[in-house]
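Coordinate inspection notes
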Amino acid sequence: LIEWSKFSGAAWRKDASGFYYGAPERPAAGSEYLAANGLERIFFHRLGTAQEQDEVVFARPEEPEWLPWAAVSDDGRFLIITVSKGTAQEVQVHVLDLSVPDLSGPGAELTALVGDFESTADVITTVGSTFYLVTDYGAERKRIVAVELDRPARQHWREVVAQAGDTLLDAHYY
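Our subject in this report is the structure included herewith. (Residues numbered from 1 in each chain as written. Predicted model: local features only at pLDDT ≥ 70, side-chain atom pairs only at ≥ 80, totals over all residues. Heavy atoms only, no water.)

**Considerations on the overall build of the protein**
Here is the rule: Where helices and strands are cited, they refer to DSSP runs of H or I of at least four residues and of E of at least two residues respectively, numbered from the N terminus. Restricting the calculation to C-alpha atoms gives the radius of gyration, and the globule rule supplies 2.2 Å times the number of residues raised to the power 0.38. Residue exposure (1.4 Å probe, protein chains only): buried if accessible area is under 20% of the type maximum, exposed if over 50%, otherwise partly exposed.
Each helix and strand in the protein was counted, giving 0 helices and 12 strands. In the protein, the succession of helices and strands from N to C terminus is β-β-β-β-β-β-β-β-β-β-β-β. Against the globule reference of 16 Å for 174 residues, the protein gives a C-alpha radius of gyration of 17 Å, in line with a compact fold. Overall, the protein is about 55 × 35 × 30 Å in size when its C-alpha atoms are taken along their principal axes. Buried positions account for 40% of the 174 residues belonging to the protein.

Written out as structure tokens, the structure is:
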């Protein structure tokens, strides 16, 4: 049973060992329905364990307006955390490689694919360690770019579909 996860879905690990979800801190007793929503964090819940044992995967206590959302890539290899700031459409995108054997050890840190709030960025899919994004960075009507996990800086992005005369609303990989 997961309590106090109000605005989050469950992003299941491919091995079905558990899922990632967002939740604020539990409100003080007696103010459960009166307290403001607290800082949203991303947790990992392993099946068969108590919620108190859930691991915090992403938290930015110094940024109370940040709203993270967790997803697992289609191949199950990556945890993708998209962060918005309030209601703005511009986002950050952070990635954790779930294939690293010890997620608490070296090499198991989040990598920022988009480390600022200068653009929109929606992950379409991953192929190996390449992420395909729909973004408006450098293209107000949007374009599709390929971002390599080991070289995520924008100067290394490779354009796959250029901006066109019409706005690109969405893209899917099948």
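Right, picking up where we left off after that structure.
**A look at the sheet that holds strand 7 (residues 91–97)**
In a beta sheet, neighbouring strands are held together by backbone hydrogen bonds and run either parallel or antiparallel to one another. Where we set the bar: A strand pair is defined by DSSP finding two or more bridges across the two strands. Every axis corresponds to a line fitted to the C-alpha atoms, with the helix fit spanning only the stretch in contact, and the corresponding angles, defined between N-to-C directions, vary from 0 to 180 degrees.
Strand order in the open sheet formed by 4 strands is 5-6-7-8, with antiparallel pairing between adjacent strands. On the outer flanks of this sheet lie strand 5 (66–72) and strand 8 (111–114), each paired with one strand and no other. Between one strand and the next, the sheet's axes are offset by a mean angle of 25°, whatever the strand orientation. Here 3 bridges tie strand 7 to strand 8, and the two strands are oriented antiparallel to one another.

**Side note on the packing of aromatic side chains**
Put simply, the test is: Stacked, edge-to-face and tilted labels apply to pairs of Phe, Tyr and Trp rings (six-membered ring for Trp) whose centres lie within 6.5 Å, assigned for plane angles under 30 degrees, over 60, and everything in between, in that order. A ring is scored as having a charge over it whenever the NZ atom of a lysine or the CZ atom of an arginine sits within 6 Å of its centre and within 35 degrees of its normal.
The final tally for this structure, using the stated rule, is 7 aromatic pairs. Look at W12 and F19: their rings are 4.9 Å apart centre to centre, the planes differ by 50°, and that puts the pair in the tilted class. On the basis of an interplanar angle of 55° and a centroid distance of 5.8 Å, the ring pair of F19 and Y21 is categorised as tilted. By relative accessible area, which is 2% here, Y21 ends up buried. Members of the aromatic cluster, connected to one another through ring pairs, are W12, F19, Y21 and F43. Against the face of F44 rests R13, its NZ or CZ located 5.6 Å from the ring centre. Here the basic side chain of R154 rests over the ring of Y137, its NZ or CZ set 4.0 Å away from the ring centre.

**Structural notes on unusual backbone geometry**
Generally, phi is negative for residues other than glycine and the peptide bonds are trans, each holding for most cases. Notably, W4 is not glycine yet its phi reads approximately 70°, a positive angle. Tracing the backbone shows W4 in the segment before strand 1 (11–12). The exposure class assigned to W4 is buried, which follows from its relative accessible area of 18%. The phi dihedral of A16 is positive, around 60°, even though this residue is not glycine. Mapped onto the fold, A16 is located in the loop between strand 1 and strand 2 (18–23). Using a relative accessible area of 44% as the deciding quantity, one classes A16 as partly exposed.

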